[in-house]
Protein chains: 2
Amino acid sequence: MSNINITLPDGSVKEYPKGSTALDIARSISEGLARNVLSAKVNGKVWDATRTIEDDATLTLLTWNDEEGKSTMWHSSAHLMAEALESFYPGIKLAIGPPIENGFYYDIDFMEHSFSEEDLPKVEKKMLELAREKNEFIRKEVSKADALSFYKERNDPYKLEMINDLEDGEITFYTQGGFTDLCRGPHIPTTGYIKAVKLLSVAGAYWRGDEKNPMLTRIYGVTFPKQKELEEYLEMLEEAKKRDHRKLGKELELFTFDDDVGPGLPLWLPKGAFLIEQLEELAKKTERKAGYQRVKSPHIAKEQLYLTSGHLPYYKESMFPPMELDGGTYYLKAMNCPHHHKIFDALPKSYKDLPYRLAEYGTCYRYEKSGELFGLMRVRSLQMNDAHIYCTKAQFEDEFKAVNDMYLKYFRIFGIDKYVMRFSTHDPARLGKKYVDRPELWKETEDMVRRVLIDSGIPYKEVADEAAFYGPKIDVQVYSAIGKEFTLATNQVDFAQPLSFNLTFTNASNEQEHPIVIHRAPLGTHERFIGFLIEHYAGKFPLWLTPEQVRILPISEKFNEGCKNILQSLENYDIRASIDDRGEKVGKKIRDAELAKVPIMLIIGEKELEEGKVSVRKQGEGDQGTMDVTEFAKFIENEVKQQLEV
Amino acid sequence: MSNINITLPDGSVKEYPKGSTALDIARSISEGLARNVLSAKVNGKVWDATRTIEDDATLTLLTWNDEEGKSTMWHSSAHLMAEALESFYPGIKLAIGPPIENGFYYDIDFMEHSFSEEDLPKVEKKMLELAREKNEFIRKEVSKADALSFYKERNDPYKLEMINDLEDGEITFYTQGGFTDLCRGPHIPTTGYIKAVKLLSVAGAYWRGDEKNPMLTRIYGVTFPKQKELEEYLEMLEEAKKRDHRKLGKELELFTFDDDVGPGLPLWLPKGAFLIEQLEELAKKTERKAGYQRVKSPHIAKEQLYLTSGHLPYYKESMFPPMELDGGTYYLKAMNCPHHHKIFDALPKSYKDLPYRLAEYGTCYRYEKSGELFGLMRVRSLQMNDAHIYCTKAQFEDEFKAVNDMYLKYFRIFGIDKYVMRFSTHDPARLGKKYVDRPELWKETEDMVRRVLIDSGIPYKEVADEAAFYGPKIDVQVYSAIGKEFTLATNQVDFAQPLSFNLTFTNASNEQEHPIVIHRAPLGTHERFIGFLIEHYAGKFPLWLTPEQVRILPISEKFNEGCKNILQSLENYDIRASIDDRGEKVGKKIRDAELAKVPIMLIIGEKELEEGKVSVRKQGEGDQGTMDVTEFAKFIENEVKQQLEV
């Protein structure tokens, strides 16, 4: 028996007998490690940890800490759920059962059986029983004929339809215990890895998403390798529900929707508009310091602009429908870049004008299907923290790094501790189709971007074949305080639009040259970013950002007049304050201020007015002692300064 | 012969013989006055000063200082020009010859004759000759039959067409010297009042504006009662040409238009966008102090919103065409008010919430015919300094007065010394047609507005039958530094939309009541206001507003480095500065800075750098001596403060 060479992620190469599995190799390192291996990446592809390796290969062992490891376990969990369901409901037909972002689902035709959320606990129990059996997941290659005959016997139209779409030779079945499923895999070694199960909900779903097809029952679930992790997850879900931006947005009077205006088009109430203004002020200040210039462009343009940019016809289905005017066709803008390119082009540029950075909080309009609209997260009007940097190749790395640094600065300000940059590159096989056919420019810019990411020590993940058509891009994913993931912003390199718009500058040798363009939007759109912030802060916005910083609470109505002087003083210090002058008890006023998430309360009675002091109470923290108004103003000023100068 | 009672504008009543003319009455007051009387307002209608008055009447004598007086003279000047033209070109056919905003024109069919701008001087000369003849303008009532036969003989198809449209009994001819014209009048007493003539241009114009009709020759002209006034006017025209906002907008790199974006849709370059940002900052600060809250609304809405507001169908031709989406119809907003009404309505309101003032720099889109687009003055995208105040009737006068005060404050900041508020009221005869049929509300609100105008001592002019359909309005006309008139902003009262949107608040008696709405936009739209400011300031924006406050001019390249430190210090003081680091002579640098209208230049050489000082030069004013950087920063700060705190 010959040996093969296995290259591990640290670059070390070890020899193993041909036919070893990833699990064998893990065991050779440590038993503890082996117990945690869910699957493995062999030559870049995710495989069963129990599948034999026959040739030299690179190997990454995947555990619960890897996205792909989690995904493998949830995929296996879908099979486990199907096995449990079949035990209760013989003859049900199984459609598809994939892993998803947070768990898995299976779409099932329950035939004559009925199924509801009340049935979930018994299925959970059964799944745990089956898991304790530690049944192996066994992979088997089957011919198309055998696969068809297997499902013909079981009379499952969904699997038959899927098999018909597959090529002979690429079909596999997986079996665990008494359950077999058509499946590409991979799966975890045994059901025993699944220690905690929660089936979350039951919904209807059309077969293949087409409403002309039969309606199936979709069961969502999630599993964990430890009971404790399930508990934490359920807590997070509970907390996320409390922090739901739609619920808090209403309670805090931030925004509203109106049927006569239209779905996906938020109307920002005064407090929500205040958040927008504060974010814009922060962005403007940050961008001014970073050498950006602001511009303003209309929300519409003629068809020709989008034909030049390539948005038409490629992006047409995401754009609002055209308006016909004076024999021309106008569109609402879905992007600001074409307008900015025109502004760049309005006056001749020399290399001395570069880098030329144009910023605009431009509102774009994109068509999302009404079923996909979701609060502020999926909308049709997008106020974007947009900017375009026109630079030379020599300037590119510095500019790109400066953009990344700006992202990081914002993360510090907003207390975003966890984030990942997802670096999407092109696929050389799809040049000229999905990607602009300039292989040398792709290589050059991707190398530059990769270098900046590595040099900056930024956590990133490289994903092939997900670039924009005009260049590589970075999607920034951030995690809220409770660990919920949001895709907020993108940062894109563009060497194609400067060519199609024929944007040029005169270089030092007096020749015309095309700039590179960086598209960037660190704060994303107001809609999504504020949606994220509401959930991230649970509505308790930091002092610098919140519309109402201070609420003055007179302990009785007879002190209302005295409180007006305090209010006036605070306003002179540009502190955003109000008086609760209702005839309520101060206890009630405190509770209401806490509910409204006002960060600072000032309790004012006779003593305070006599001594010219204020009694300070912090939201959620209670009494902070008394100070005079000047001291208090200084205290607020310092707090705000600390929040912004990070 | 009996007497009649004549009531003069000061309220005094005097007795005159029946059949006296306004000129007779003027003479009875003073010969000097009589020499200046061009026409007269008799019982509110403008009449010939030479027409006899047969009954008791109110009388206002009109001179060159009255708009209607000017208008009368220019109308008579059109007749004078026609008389002169007939003397050169017998057989020409006359169409219409009205007075306009700044002069008059006549549309003429020159038949076999040719006419060009080169012929204007001889016509001017002839007009002055005829004026010196002091020919009286004689009014004559004629029957329709006589009128037709007069023009049949002269073979004038235009006049015949006009007479055919008139009722018998309402037709008058006016004759001066050897010239007779179909005309409703009124006219000045004699041609002798015309002392200075300038024929300005020749253009083509279709008969009745219809391109299917014959093309006539339109001659524009203007006349004055004194030669000196003509000279001043020509100077103003020359100056206005230099200040043309389209020319300066290009030179100062403020904005641009692009064919691919579309006509009437300005793209704001960095310096223009800077002006926008400064104006918005001023407006936001001013409005915050005045208790306004900012909101943000989308640029589109569904058809239903505009059906409720009444913009559809009444305003449809000024709106952009519809977009069909998901079976619904969407429009670009032409006004912000319907969106604001929805925001008002999003949460229940009580009288304690009123006045509720919502402000937004909302961009609206209005369709103007492409032939009517003009630079920034007539555009299709309008960024409006909009706000809506929802108040009770009891609060109305204070709110309305506060709005007027805000207008006046802005006028002081922008050095607008001359302005007129044009107060448009309804016409009771057109209630239910042009105007909402609520006579008592019209009376009430018009009375309130009039009272505020009188109490505030604001110059205003009341014009019947020009209100908005939902209430009385004030159009604010301002005059630029060179006396050019601009209609900038409107201020409207609205008692109708709160009814159609069913906007209510709970009053102190716990009943639901409709608020009154004030629509106001003191700074108008960015487009028109910046267009006005460019011409008003001739591009020399005041220090607080200008994008580049200071330009540092090193007297030789070896001082460039030292200037960078000065620049850094100025930036730390938030002063907007740049360095002209070109290898040019300082004289050239000064000239270029003057051309770019930079208000302050700092001339920096060895001496300045050694002593840590700057030599200050003011644009158009020259050397201001030297100061150290801190002193200079203070100087700039004071100047800005003075400009804004007026």
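Starting afresh in each chain, residues are numbered from 1 along the sequence in its written order. Naming scheme: in the order in which they are written, chains are lettered from A and ligands are numbered from 1. Reporting in this predicted model follows two pLDDT cut-offs: at least 70 for local features of residues, and 80 or more for side-chain atom pairs to be given and counted; totals over whole chains, interfaces and linings ignore these cut-offs and use all residues. To get the side-chain values, take all heavy atoms of the structure and skip hydrogens and water.

Here we take up the overall build of chain A. Assigned secondary structure in chain A consists of 20 helices and 35 strands. Counting only C-alpha atoms and orienting by the principal axes, one finds that chain A spans roughly 90 × 75 × 55 Å. Here's how the labels work: a residue is buried when its accessible area is under 20% of the maximum for its type, exposed when over 50%, partly exposed in between, all with a 1.4 Å probe on protein chains only. Counting the 646 residues in chain A, one finds 55% classified as buried. The long-range share in chain A, meaning contacts at least 24 apart out of those at least 6 apart in sequence, stands at 68%. Elements are defined by DSSP. Helices are runs of H or I of four residues or more, strands are runs of E of two residues or more, and each kind is numbered from the N terminus. Note on definitions: a residue-residue contact is assigned when non-hydrogen atoms from the two residues lie within 4.5 Å.

Turning to the domain arrangement of chain A, a few remarks are in order. All names here are of chain A. Source of the domain bounds: an automatic or database domain assignment. Entries for chain A in the domain assignment read domain 1 (3–63), domain 2 (68–243), domain 3 (271–295 + 336–537) and domain 4 (550–644). Measuring from the centre of the C-alpha atoms in domain 2 to the corresponding centre in domain 3 gives 39 Å. Reported buried area values correspond to the accessible surface (1.4 Å probe) lost by two parts on association, with both partners' losses combined. Interface area for domain 2 against domain 3, summed over the two sides, is near 530 Å², with a carbon-plus-sulfur share of 58%. By convention in these notes, a salt bridge is any Lys or Arg side-chain nitrogen within 4 Å of a carboxyl oxygen on Asp or Glu. The interface formed by domain 2 and domain 3 includes 0 salt bridges. Under this definition, polar contacts are N or O atom pairs within 3.5 Å; protein pairs additionally need one hydrogen-donor-capable and one acceptor-capable atom, and for neighbouring residues in sequence, both atoms have to be side-chain atoms. Applying the counting criterion to the domain 2 and domain 3 interface returns 2 residue pairs in polar contact (both at pLDDT 80 or more). Here the side of domain 2 that touches domain 3 is composed, by residue class, of 2 nonpolar, no polar and 3 charged. Nonpolar residues are Ala, Val, Leu, Ile, Met, Phe, Trp, Tyr, Cys and Pro. Charged residues are Asp, Glu, Lys and Arg, and all others, Gly as well, are polar.

Tracing the chain through its elements places Thr-217 of chain A in strand S15 (residues 215–224). Residue contacts for Thr-217 of chain A: discarding those within four places in its chain leaves Tyr-106, Asp-107, Ile-108, Phe-110, Phe-115, Val-202 and Ala-203 of chain A.

Another aspect to go through is the sheet that holds strand S25 (residues 460–463) of chain A. All names here are of chain A. Any two strands between which DSSP finds at least two bridges are classified as paired. In space, the 8 strands of this open sheet follow the order S18-S22-S23-S30-S27-S26-S24-S25, with mixed pairing throughout. The open sheet terminates on both sides in strands that have one partner only, identified here as strand S18 (293–294) and S25. By the bridge criterion, 7 bridges tie strand S26 (residues 473–479) to strand S27 (residues 485–494) in an arrangement that is antiparallel. Its bridge partner lying in S27, Lys-473 is registered against Gln-492. For helices, the axis comes from a line fit to the C-alpha atoms of the stretch in contact; other axes are also lines fit to C-alpha atoms, and the angle between any two N-to-C directions lies between 0 and 180 degrees. Helix-sheet contacts for helix H16 (residues 526–537) involve strand S22 (356–365), strand S23 (381–391), S26 and S27, and the interaxial angle to S27 is about 145 degrees.

The next point concerns the packing of aromatic side chains. Residues and elements named next belong to chain A. Between the rings of Phe, Tyr and Trp (Trp by its six-membered ring), a pair exists once the centres lie within 6.5 Å; its type follows the angle of the planes, with under 30 degrees stacked, over 60 edge-to-face, and the other angles tilted. In total, this model carries 64 aromatic pairs over all chains according to the counting rule given. Ring centres of Phe-224 and Tyr-233 lie 5.4 Å apart, and the angle between their planes is 45 degrees; this geometry places the pair in the tilted category. Residues Phe-224 and Tyr-233 agree in their burial class; the two are buried. Through successive ring pairs, a cluster of aromatic residues spans Phe-414, Phe-486, Phe-529, Phe-532 and Trp-544.

Our next topic: the relation of the copies chain A and chain B. Fitting of the copies onto one another was done by least squares over C-alpha atoms, counting residues only where both copies have pLDDT of at least 70. Relative to chain B, chain A is turned by 179 degrees and slid 0.1 Å along the rotation axis, the superposed coordinates differing by an RMSD of 0.2 Å. Each copy turns onto its partner about a two-fold axis. Residue Met-323 of chain A of chain A places its C-alpha closer to the rotation axis than any other residue of that unit, at 3.0 Å. When the interface residues of chain A are mapped onto chain B, 100% of them again fall at the interface, so both copies present the same face.

It is worth spelling out unusual backbone geometry at this point. Residues and elements named next belong to chain B. With an omega dihedral of 0 degrees, the bond running from Leu-312 to Pro-313 counts as a cis peptide bond. Locating Pro-313 in the fold gives a position in helix H11 (residues 311–314). Residue Leu-354 is joined to Pro-355 through a cis peptide bond whose omega torsion reads -10 degrees. The phi angle at Asp-326 is positive, at roughly 50 degrees, despite the residue not being glycine. One can find Asp-326 in the loop between strand S20 (323–325) and strand S21 (328–332). Take Asp-326: its relative accessible area is 45%, and that puts it in the partly exposed class. Unusually for a residue other than glycine, Asp-574 sits at a positive phi of about 60 degrees. As for its placement among the helices and strands, Asp-574 is situated in the loop between helix H17 (560–572) and strand S32 (577–579). Classification of Asp-574 as exposed rests on a relative accessible area of 63%.

All names here are of chain A. Close contact between helix H5 (residues 144–154) and helix H6 (residues 157–164) brings their axes to 9 Å; oriented N to C, the two are set at 165 degrees. Between H5 and H6, the interaxial angle falls into the category roughly antiparallel. Between H5 and H6 lies a crossing of left-handed hand. Of the residues in H6, those in contact with Lys-144, Ala-147, Leu-148, Tyr-151 and Lys-152 of H5 are Lys-159, Leu-160, Ile-163 and Asn-164. The residue inventory of the contact of H5 with H6, partitioned by class, reads 5 nonpolar, 1 polar and 3 charged. Roughly parallel means an angle under 35 degrees; roughly antiparallel, over 145; roughly perpendicular, 65 to 115; everything else is oblique. Crossing handedness: left-handed means the near helix sits turned counterclockwise from the far one by under a right angle, and right-handed means the same turn made clockwise.

Glancing now at the pattern of salt bridges. Applying the stated criterion across every chain, the model contains 94 salt bridges over all chains. In this structure, Arg-357 of chain B engages Glu-399 of chain B in a salt bridge whose closest nitrogen and oxygen atoms are separated by 3.0 Å. With Arg-357 of chain B in strand S22 (residues 356–365) and Glu-399 of chain B in helix H13 (residues 393–413), this pair connects stretches of sequence that are 42 residues apart. The network of salt bridges with common partners includes Glu-277 of chain A together with Lys-284, Glu-287, Arg-294 and Arg-520 of chain B.

This next bit is on the sheet that holds strand S35 (residues 622–628) of chain A. Residue and element names in this part refer to chain A. Taken in spatial order, the 5 strands line up as S32-S31-S33-S34-S35 in an open sheet, and their pairing is mixed. For this open sheet the edge positions go to strand S32 (577–579) and S35, each flanked by a neighbour on one side alone. Direction aside, the axes of adjacent strands within the sheet are offset by 25 degrees on average. Here 4 bridges tie strand S33 (residues 600–604) to strand S34 (residues 613–618), and the two strands are oriented antiparallel to one another. Among the inter-strand pairings, Ile-603 is bridged to a residue of S34, identified as Ser-615. Here helix H17 (residues 560–572) sits on the sheet in contact with strand S31 (550–554), S32, S33 and S34, set at roughly 175 degrees to S32. Sitting on the sheet, helix H18 (residues 586–595) touches S31, S33 and S34, and the angle it makes with S31 is about 170 degrees.

The subject of this paragraph is helix H14 (residues 439–456) of chain B. All names here are of chain B. Over its 18 residues, H14 runs 26 Å from end to end, which matches the ideal 26 Å to within 8%, given 1.5 Å per residue. For H14, the full list of buried residues reads Leu-441, Trp-442, Thr-445, Glu-446, Met-448, Val-449, Val-452 and Leu-453. Angular distribution of buried residues about the axis of H14 spans 160 degrees; they occupy a single face of the element. Exposed residues pointing more than 90 degrees away from the buried face of H14 are listed as Lys-443, Ile-454 and Asp-455. Packing partners of the buried residues in H14 comprise H13, strand S24 (419–424), strand S25 (460–463), strand S26 (473–479), strand S27 (485–494) and strand S30 (516–520). Positive backbone phi, approximately 65 degrees, marks Gly-457, located one or two places after H14. Under the convention used throughout, the expected extent of a helix is 1.5 Å for every residue step, that is, one less than its residue count. Here the arc refers to the directions that run from the helix axis out to each C-beta atom.

This part is about helix H16 (residues 526–537) of chain B. Residues and elements named next belong to chain B. The terminal C-alpha atoms of H16 lie 16 Å apart, and with 12 residues this matches the ideal 16 Å at 1.5 Å per residue to within 8%. Along H16, 11 of the 12 residues are buried, which leaves the element largely enclosed by surrounding structure. Considered for burial, the residues of H16 that qualify are His-526, Glu-527, Phe-529, Ile-530, Gly-531, Phe-532, Leu-533, Ile-534, Glu-535, His-536 and Tyr-537. Two residues or fewer after H16 comes Ala-538, characterised by a positive phi angle close to 50 degrees.

The interface is formed by 54 residues belonging to chain A together with 54 residues belonging to chain B. Carbon and sulfur atoms make up 64% of the surface buried where chain A meets chain B, a total of about 4600 Å² over both sides. The largest per-residue losses of area from chain A upon contact with chain B belong to Asp-260, Pro-270 and Lys-296 of chain A, which jointly make up 14% of the total buried on that side. A salt bridge links Lys-342 of chain B to Asp-260 of chain A, with the nearest nitrogen and oxygen atoms 3.0 Å apart. For the pair chain A and chain B, the number of links is 19 residue pairs in polar contact (both at pLDDT 80 or more). A per-element tally of the side of chain A that touches chain B places helix H9 (residues 270–289) of chain A first, with 6 residues.

With that settled, consider empty space enclosed by the protein. Lining residues are those with an atom within 4 Å of a point, where the points come from a 1 Å grid over the protein atoms alone and group into cavities, where a 1.4 Å probe fits but cannot get out, or pockets, open sets with protein on both sides within 12 Å along at least five of seven lines. Grid points are joined across faces, edges and corners, and a volume is the space filled by probe spheres set on the points. In the structure shown here, the tally under the stated rule is 1 cavity of 30 Å³ or more. Within this model, the largest cavity holds a volume of roughly 580 Å³. Lys-296, Tyr-361 and Thr-363 of chain A together with Lys-296 and Tyr-361 of chain B are, among the 39 residues lining the largest cavity, the residues nearest its centre. Counting only elements with at least two residues in the lining of the largest cavity, the list comes to H9, S22 and S23 of chain A together with helix H9 (270–289), S22 and strand S23 (381–391) of chain B. In terms of residue count, the dominant contributor to the lining of the largest cavity is S22 of chain A (6 residues). Here the residues of the lining of the largest cavity sort into 13 nonpolar, 12 polar and 14 charged.

It is worth spelling out the pairing of S23 of chain B at this point. Of all 11 residues in S23 of chain B, 11 are buried, a share of seventy percent or more. Residues Ser-381, Gln-383, Asn-385, Ala-387, Ile-389 and Cys-391 of chain B point to one face of S23 of chain B and Leu-382, Met-384, Asp-386, His-388 and Tyr-390 of chain B to the other, with burial holding for every one of them.

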